[in-house]
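Okay, here's what each chain looks like letter by letter:
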Amino acid sequence: MPTCRLLFFHALFPALLTSSSAQEKKADSSRITLDRIFQDNEFSARRASLSWQENGPGYTKREERGIVRYVPGKKKGKLLVPIGDLIPKGQTEPLSVEGLTWSDDKSLLLIYTSSKRVWRTNIRGDYWILDRGAGVLRQLGGDGPPSTMSFAQISPDNRHVAFVRNGNIFVENLHDQSVRAITEKKTEFIINGTFDWVYEEELRLRNGFRWSPDGKSIAYWQLDAEGVREFTMIDNVSGLYPRLQTFAYPKTGQRNSAARIGVVSIETGKTRWLKIPGDPREHYLARMDWVKNDSNRVIFQQLNRLQNTNQVMLGDAKSGEAETIFTETDEAWVDVDNELFWIENGKRFTWMSERDGWRHIYLASPAEGDPVQVTKGEFDVIQLLKVDHRRRLFYFSASPENPAERYLYRVKFDGSGLQRVTPESRTRGTHAYSFSGDARFAVWTASNFDTPPVSTLIRLPDHKPIRVLEENEKLNETLSQLDRPKSEFFYIDIGGGTKLHARCLKPPGFDPEKSYPLLLYVYGEPAGQTVRDSWGGSTQMWHWMLAQRGVVQMTIDNRGTSGPRGRDFRKQVYRKIGTLGPEDQAKALRALLKERPYLDKKRVGIWGWSGGGSSSLHAIFKYPRLYQAAISIAAVPNQRYYDTIYQERYMGLPDDNVEGYRDGSAIHFADQLEGDLLIIHGTADDNCHYATFEKLIDELIRHNKQFSMMAYPNRAHGI
């Protein structure tokens, strides 16, 4: 195997190669070490979170005495479920609760436990139901195998619980405890009530069914993966012989699963399929739910394969007829609206659109066609957070002045009264909010890159603090003893009227007359933003540790990243993934080396993960005179080998953008490597496959390039 001494990194960071002893750590509390970050978790920050009830101002907490309901402003809580009610018959310990769901009238409590991980999340487990009136706790699922139930939901009429098992939707009758499948898998390729790999990963869809408001039917997705080519991962470490894991994974230009939506009657078990126009393998059904308070109509979003047209449609549950309400289009791609907020008892719903060049809130109606704009101005609504129906207010996050920050704003339903809610005295950082069901209270969590989070319970609409829930006193005491680096947020002019936002971390005792190595952290693709003024956890502390060792560190958001800087900034990258981003990063680096003479142009490194791993490869391959070293983790060296939904959204179809796919794939420039390269990958990475990592290795060997590599056996994308 080719080897590389990685002189740049080894010379700079020798402390990374050895662990400090407990005695050394105790002797010098000002120094950050790997053990302190990752083994001892000395720098872990706590964030307060409340389990708000869906309606009203209350929240629940799990305590030693059981599950207790609190109302902000009142000291005493009401015991809803004594701890003894959570102990199964014949056992002595209560269930290990991983999730709780209440019925609307609070008479039933659904308990999730014994979960198992599927890809990136724990979506399979066991479910128990507690009937509070009868005082009965029992396990659901009939005689099915343990930890095989997903997405269990109580019906609105409290008569059934529906769940997914082995690609079918089951319904359990809560009166006679009978369990039956209400969907059918005619072939092994059929998936009911959940999704295939690419829908889950790129459209963020997992739970694939919805109860009707009257509890008499269920609307659900069905996917047919027949003909979708499969990918195989090899596990060489779990047994005497290799174990294979095979799953459908459509790569760019390849055949997708066919998706459709049906409505099944709980009484008859018969499904009425919606008559959705278009080839189901050349469209995506990106979102679906029932119209508010309407058990006859579902509302859903249909994307074309290029994902530049989103048709918002209504489906009739009885006839199966489907009609388009309005259509969202974009010359590049449209972002799928993740959640519709219904107002006025279901007469209108919210919609997010960039149609005027900025991401704004709109209001639409099942009956009135095109949405009407609510928020206006040259700023992005980052996320619509909550609706206050009583005061007719929308709460949303935005940061008009600084794309690294986040603040709470509100506006009236008619678009008037736009106002910043986060106090003006808190002018820097990220402010996150978790709202009570009735929007009268919230947990406000504030942090920035230099300050750990503080969580405070507040009253709305005046943002009045009630009490501090979490201050991270211990962490702040630990940080006060550190020899701390200094952070700076700034813009870099790369010409042509474009300025990129950046963050710099300078070593303690920084001297501008000295020469410092530079390490850049990069992502660079539309799915992320790295220049954030928020507490960054272990990754941040790793950067602080390197700063203590004399390394200047920066991160830059190039055009095409997801920051709130308007549609044009985000979508200039269309059909240019892997070309525009690295070019912007290189222009920014040249400007930095010219403007900041303390940066040593002979000691410049770059690193990143996933899309950032790809960006790091582009940097060192395409700009060998700028970057002397790179670490690339879990990269996609060739875009043709990535999945359809992500890559085609930003690059178009391979046959229509041959040059873009080639120039945007780092593997085709491996022959230009001159510096030190370390590539890292998990062999069980279901997302960015180890096979593409091996193809890169083979290409580097073909060109007689020296490099270092680390393969993590049977580890996934996050290693």
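Residues numbered from 1 in each chain as written. Predicted model: local features only at pLDDT ≥ 70, side-chain atom pairs only at ≥ 80, totals over all residues. Heavy atoms only, no water.

### Considerations on the overall build of the protein chain
Heads up, the rule is: Runs of H or I in DSSP of at least four residues are treated as helices and runs of E of at least two as strands, each being numbered from the N terminus. Only the C-alpha atoms count toward the radius of gyration. The rule for a globule is 2.2 Å times the residue count to the power 0.38. For the exposure calls, accessible area comes from a 1.4 Å probe over protein chains only, and a residue counts as buried if that area is under 20% of its type's maximum, exposed if over 50%, partly exposed in between. Pairs of residues are marked as contacts when any of their non-hydrogen atoms sit within 4.5 Å. Under the convention used here, a 1.4 Å probe and the Shrake-Rupley method define accessible areas, while residue burial counts only the protein chains that appear.
Helix and strand counts for the protein chain come out as 12 helices and 43 strands. Relative to the compact-globule value of 27 Å for 719 residues, the protein chain shows a C-alpha radius of gyration of 27 Å, a close match. Structurally, the protein chain occupies a C-alpha span of about 75 × 60 × 60 Å along its principal axes. Split into buried and exposed, the 719 residues of the protein chain put 57% on the buried side. A fraction of 57% describes how many contacts in the protein chain between residues 6 or more apart in sequence connect residues 24 or more apart. Total accessible area on the protein chain is roughly 31,900 Å²; 46% of this is exposed by carbon and sulfur atoms.

### Here we look at unusual backbone geometry
A cis amide bond links leucine 460 to the next residue, proline 461, at an omega of 15 degrees. Tracing the sequence through the fold places proline 461 in the loop between strand 34 (451-459) and strand 35 (464-470). Its identity is not glycine, yet alanine 439 carries a phi of approximately 65 degrees, on the positive side. Residue placement: alanine 439 occurs in the loop between strand 32 (430-435) and strand 33 (441-448).

### Describing the sheet that holds strand 23 (residues 322-329)
The condition is simple: Two strands are counted as paired when DSSP detects at least two bridges linking them. Simply put, an axis is a line fit to the C-alpha atoms, just over the touching stretch for a helix, and the angle between two N-to-C directions goes from 0 to 180 degrees.
What the four strands build is an open sheet, ordered 20-21-22-23; its pairing is antiparallel. In the strand order of this sheet, the two ends are held by strand 20 (283-290) and strand 23, each with one partner. Neighbouring strand axes in the sheet, compared pairwise and without regard to direction, differ in orientation by 20 degrees on average. When strand 20 meets strand 21 (residues 297-304), the two strands line up antiparallel, connected through seven bridges. Its bridge partner being in strand 21, histidine 283 is matched across the sheet by asparagine 304.

### Focus: the confidence of the model for the protein chain
Test applied: Confidence scores here are pLDDT values: one per residue, from the predictor, ranging 0 to 100.
Summary statistics for the protein chain give a mean pLDDT of 94 and a share of 96% for residues scoring 70 or more. Note on residues 1-9: pLDDT is under 50 here. Beyond four places in sequence and across chains, it has 30 contacts. Every residue in residues 11-26 is under pLDDT 50, and counting partners more than four places away or in other chains gives 20 contacts.

### Thoughts on a nonpolar patch on the surface
Stated precisely, the cut-off is as follows: The patches described consist of residues with a relative accessible area above 30% and no salt bridge, like charges being joined within 9 Å and nonpolar side chains (Val, Leu, Ile, Met, Phe, Trp, Tyr) within 5 Å. Just to be clear on terms, a salt bridge is a Lys or Arg side-chain nitrogen sitting within 4 Å of an Asp or Glu carboxyl oxygen.
A surface patch of nonpolar side chains, amounting to about 320 Å² of accessible area, comprises Trp609, Met710, Tyr712 and Ile719. Of the residues examined, tyrosine 712 reaches a relative accessible area of 31% and is grouped as partly exposed.

### Some thoughts on the nonpolar core
Basically, it comes down to this: What we call a nonpolar core is a set of buried Ala, Val, Leu, Ile, Met, Phe, Trp, Tyr and Cys residues that are connected through their side-chain atoms within 4.5 Å.
The biggest cluster of nonpolar side chains holds 47 residues, and the ones touching the most others in it are Met554, Phe621, Tyr627, Leu677 and Ile679. Among the elements that make up this core, the one with the highest residue count is helix 8 (residues 580-595) (six residues).

### Focus: the pattern of salt bridges
Evaluation of the coordinates by the stated rule reveals 32 salt bridges. Here glutamate 201 and arginine 120 are joined by a salt bridge, their closest N and O atoms 2.8 Å apart. Here glutamate 201, found in helix 4 (residues 197-203), pairs with arginine 120, found in the loop between strand 6 (108-118) and strand 7 (121-131); they are 81 residues apart in sequence, far enough to count as distant. Here glutamate 201 falls in the buried class, since its relative accessible area comes to 10%. A single salt-bridge network, built from bridges that share partners, covers Asp330, Glu354, Asp380, Arg567, Asp568, Arg570 and Lys571.

### With respect to the pairing of strand 8 (residues 136-139)
Looking at chain direction, strand 7 and strand 8 are connected through four bridges and run antiparallel. When the bridges of strand 8 are listed, tryptophan 128 appears paired with glutamine 139. The turn linking strand 7 back onto strand 8 is made up of four residues, and glycine 135 within it adopts a positive phi angle of 70 degrees.

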